[in-house]
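Summary of structural features
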Amino acid sequence: MESVNIRSNIGGDWVEGAGSEIVDVDPAHPDTEVGRLHTVSIDQVREAIAAAAAASPSWRGLPLHARGEILLRVAELLEERKQELARGLTREQGKIFRDSLGEVQRAAEVFRYNASLANLKTGEIFASPRPSEQIWSLRVPLGVVSLITPWNIPLAIPAWKLAPALLCGNAVVWKPASLVPLIAQRLTEILFDAGVPPGVCNLVLAGQDAARPLLTDPAIRACSFTGSTAVGQSLVALGAEHGPKVQAEMGGKNSAVILADADLEWAIPQVLSAAMLQSGQRCTATSRVIVSSHLYEEVVERLARGSDELEVGDGLEPGSDLGPLVSAQRQAEVLGYVAGAESANAHRHTKGPQVEGLDGFFVRPTVMTGVTAGDPIFEEEVFGPVLAVAPSDDFEEALRLANHGSYGLSGSVFTKDIGRILEYIERFDVGVLHVNSESCGADPHVPFGGTKSSGTSQREMGTAGLDFFSEAKTVYLRP
Ligand code: UN1
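Here the structure is a predicted model, which is why all the values come from computation and not from measurement.

Okay, the overall build of the protein next. Counting its secondary structure elements, the protein contains 15 helices and 22 strands. Relative to its length of 479 residues, the protein is compact, with a C-alpha radius of gyration of 23 Å against a globular reference of 23 Å. Considered along the principal axes of its C-alpha atoms, the protein spans approximately 75 × 60 × 40 Å. The buried share among the 479 residues of the protein stands at 58%. When contacts within the protein are restricted to residue pairs at least 6 apart in sequence, long-range pairs at least 24 apart make up 73% of them. Total accessible area on the protein stands at roughly 18700 Å², and carbon and sulfur atoms take up 51% of it. Looking at charge distribution, the protein has the averaged site of its 40 positive side-chain charges lying 7 Å from that of its 60 negative ones.

The following block contains the structure:
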């Protein structure tokens, strides 16, 4: 595959950035270049915001259903180009081809679902206490919004921000993570091919140094972000200072609780899937298991065996279950967590974590015990295929460990006991709770987001996107 010259798009023009050069490599074969680009300068980010502001009036002036038709066309093009997009996604990001196909399909479904929201009501009418008057509350676009998206789900997460932002009639400036610029360029091309006018979606391949105007420029009315808690919280602070509302979907340290009556035949594959697939690089990944002491040894043994059976390799090889991590830095950080835990006397039950004979950024699925609250591997978001397992003797302790720490994104509980299920629904402090299923996943029509430091209270997906990307205008109407 040839290396591509990757570019930003400002006002419909594909432009070379004026900033530093980035070489985009295949994480399974780091010597293979996927593409190259120059990041945009801070002035180019401002130009992109100005281009969005210029394009905004005619876009918001289109009938809502016309914008919905364009989103439907985006969904069709994603499906038509699915094979090629998925191949590119695996090459650039590393996830296995089957997961890439699933992600392209998911992005298409997100666009299709959002297109259907054109059929919802766009306001309400109130009775007026005064004669000859009506009072309307209309949902109107914000204007220009910025989107900042991560490298782990680089097509579907942008889709679940772009689709509602565009449907609502906003013009967008989108900054994807710098590890995944090519798939961002491909999605931007599809938006234009589907009929999004120039300037309505601007793609800025920017480093963090140039990103500030996405929160501070007076034209920006909202910013939607997915990524780490540290970055998200800094954006929330910038938003509070400069005005735009900020929705931030941030880190997770998601627990699976296996109670004494759980069906292990079902629970173990669910936990392994959530912990290990996509190499654990999902904010919803299960990264600690709290298991009834009575099942502890059996669960550890089964999780370790299942992990060792997973095939690690190039995502384009049909036998691979897990691809590489996205970068050398991520690989080093994840290996550092495992080494740190081992030197603090944690026990590793699996092969690896290094992978012999492959030069990509691979890490083998790893199951650790002998860690508990206070240990980094039990507290922090590792974002790799690493699972910490801890026993618990009683119900209250299991719940306490599950809730331990600063995150509250997703979680699982495995039990058949309806009373306990109801307690978990009440007391497990997460935004997304899975009862007897894996902690990953998000459906286009259902609100998604976390509590505590995992998110701002504003959810994404479903009609939550419409709430975020629009605002109410109240009209006192006396004809
Ligand atoms: C999922 O479980 O597929 O970055 C959704 C993430 C989350 C979305 C996960 N924002 O992994």
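Counting residues in hydrophobic clusters, the biggest one holds 70 residues, and the most contacted among them are L78, F111 and L162. Here this core takes nine residues from helix 5 (residues 156-167), the largest share from any one element. Aside from chain neighbours lying at most four places away, what touches L78 is L85, V104, A107, A108, F111, L155, L187 and I190.

Turning to the packing of helix 2 (residues 64-80) against helix 4 (residues 97-116), a few remarks are in order. Between helix 2 and helix 4, the least distance of the axes is 8 Å, while the angle of their chain directions is 165°. Between helix 2 and helix 4, the crossing angle belongs to the class labelled roughly antiparallel. The hand of the helix 2/helix 4 crossing is left-handed. Contact with helix 2, carried on its side by G68, L71, L72, V74, A75, E76, L78 and E79, involves V104, Q105, A107, A108, F111, R112, N114 and A115 of helix 4 and no other residues of that element.

Within the structure, the ligand sits among 13 residues, and E249, R282, C283, T284 and G441 are positioned closest to it. Contacts to the ligand include R106, whose side-chain N or O atom sits 2.9 Å from an oxygen atom. When the ligand is considered free in solution it has 320 Å² of accessible area, and contact with the protein chains removes 99% of it.

What follows covers the packing of aromatic side chains. For the coordinates displayed, the defined rule picks out six aromatic pairs. When the ring of F395 is compared with that of Y424, the centres are 5.6 Å apart and the planes differ by 90°; the resulting orientation is edge-to-face. One end of the pair, F395, is in helix 13 (residues 395-403); the other, Y424, is in helix 14 (residues 418-427), and 29 residues separate them in sequence. Under the relative-accessibility criterion, F395 is labelled buried at 14%. Residue Y424 is classed as buried on the basis of its relative accessible area of 0%. Ring centres of Y424 and F428 lie 5.7 Å apart, and the angle between their planes is 85°; on these two criteria the pair is classed as edge-to-face. Through a chain of ring-to-ring contacts, the aromatic side chains of F395, Y424 and F428 assemble into a single cluster. The residue whose ring lies beneath R87 is F97, and the NZ or CZ to ring-centre distance is 5.7 Å. The ring of F468 is capped by K245, whose NZ or CZ atom sits 4.8 Å from the centre of that ring.

Once that is clear, we can look at helix 11 (residues 328-343). With 16 residues, helix 11 extends 22 Å between its outermost C-alpha atoms, agreeing within 8% with the 22 Å of an ideal straight helix rising 1.5 Å per residue. Inspection of helix 11 places R330, Q331, V334, L335, Y337, V338 and A341 among the buried residues, and these make up the whole buried set. Taken around the axis of helix 11, the buried residues stretch over an arc of 145°, which confines them to a single face. Residues of helix 11 that are exposed and angled more than 90 degrees away from the buried face: Q329 and S343.

Mapping S224 onto the fold places it in strand 11 (residues 220-226). By relative accessible area, which is 0% here, S224 ends up buried. A polar atom in the side chain of S224 sits 2.9 Å from the side chain of K161. A polar side-chain atom of S224 sits 2.4 Å from a polar atom in the side chain of Q247. When near neighbours in sequence (up to four residues on either side) are disregarded, S224 contacts S146, L147, I148, K161, Q247, E460, F468 and F469.

With that out of the way, let us pick up the pattern of salt bridges. Counted according to the given criterion, the structure contains 22 salt bridges. A salt bridge links R302 to E298; the nearest nitrogen and oxygen atoms lie 3.1 Å apart. Here E298 and R302 lie together in helix 10 (residues 293-309), a separation of four residues that amounts to about one turn. Its relative accessible area of 36% is what places E298 among the partly exposed residues.

Cut-offs used in this document
Residues numbered from 1 in each chain as written. Predicted model: local features only at pLDDT ≥ 70, side-chain atom pairs only at ≥ 80, totals over all residues. Heavy atoms only, no water. Helix = DSSP H or I, 4+ residues; strand = E, 2+ residues; numbered from the N terminus. Rg over C-alpha atoms; globule rule 2.2 N^0.38 Å. Buried < 20%, exposed > 50% of the residue type's maximum accessible area, 1.4 Å probe, protein only. Contact = heavy atoms within 4.5 Å. Areas by Shrake-Rupley, 256 points an atom, 1.4 Å probe, with all protein chains shown as cover. Lys, Arg positive; Asp, Glu negative; His and termini not counted. Charge placed at Lys NZ, Arg CZ, Asp CG, Glu CD. Core = buried A, V, L, I, M, F, W, Y, C linked by side-chain atoms within 4.5 Å. Axes fitted to C-alpha atoms, helices over the stretch in contact; angles between N-to-C directions. Parallel < 35°, antiparallel > 145°, perpendicular 65-115°, else oblique. Left-handed = near helix turned anticlockwise from the far one by under 90°. Near = heavy atom within 4 Å. Polar contact = N/O pair within 3.5 Å; in protein donor to acceptor, adjacent residues only side chain to side chain. Phe/Tyr/Trp six-rings, centres within 6.5 Å; stacked < 30°, edge-to-face > 60°. Lys NZ or Arg CZ within 6 Å of the ring centre and 35° of its normal. Expected span 1.5 Å × (residues − 1). Arc of directions from axis to C-beta. Salt bridge = Lys/Arg side-chain N within 4 Å of Asp/Glu carboxyl O.

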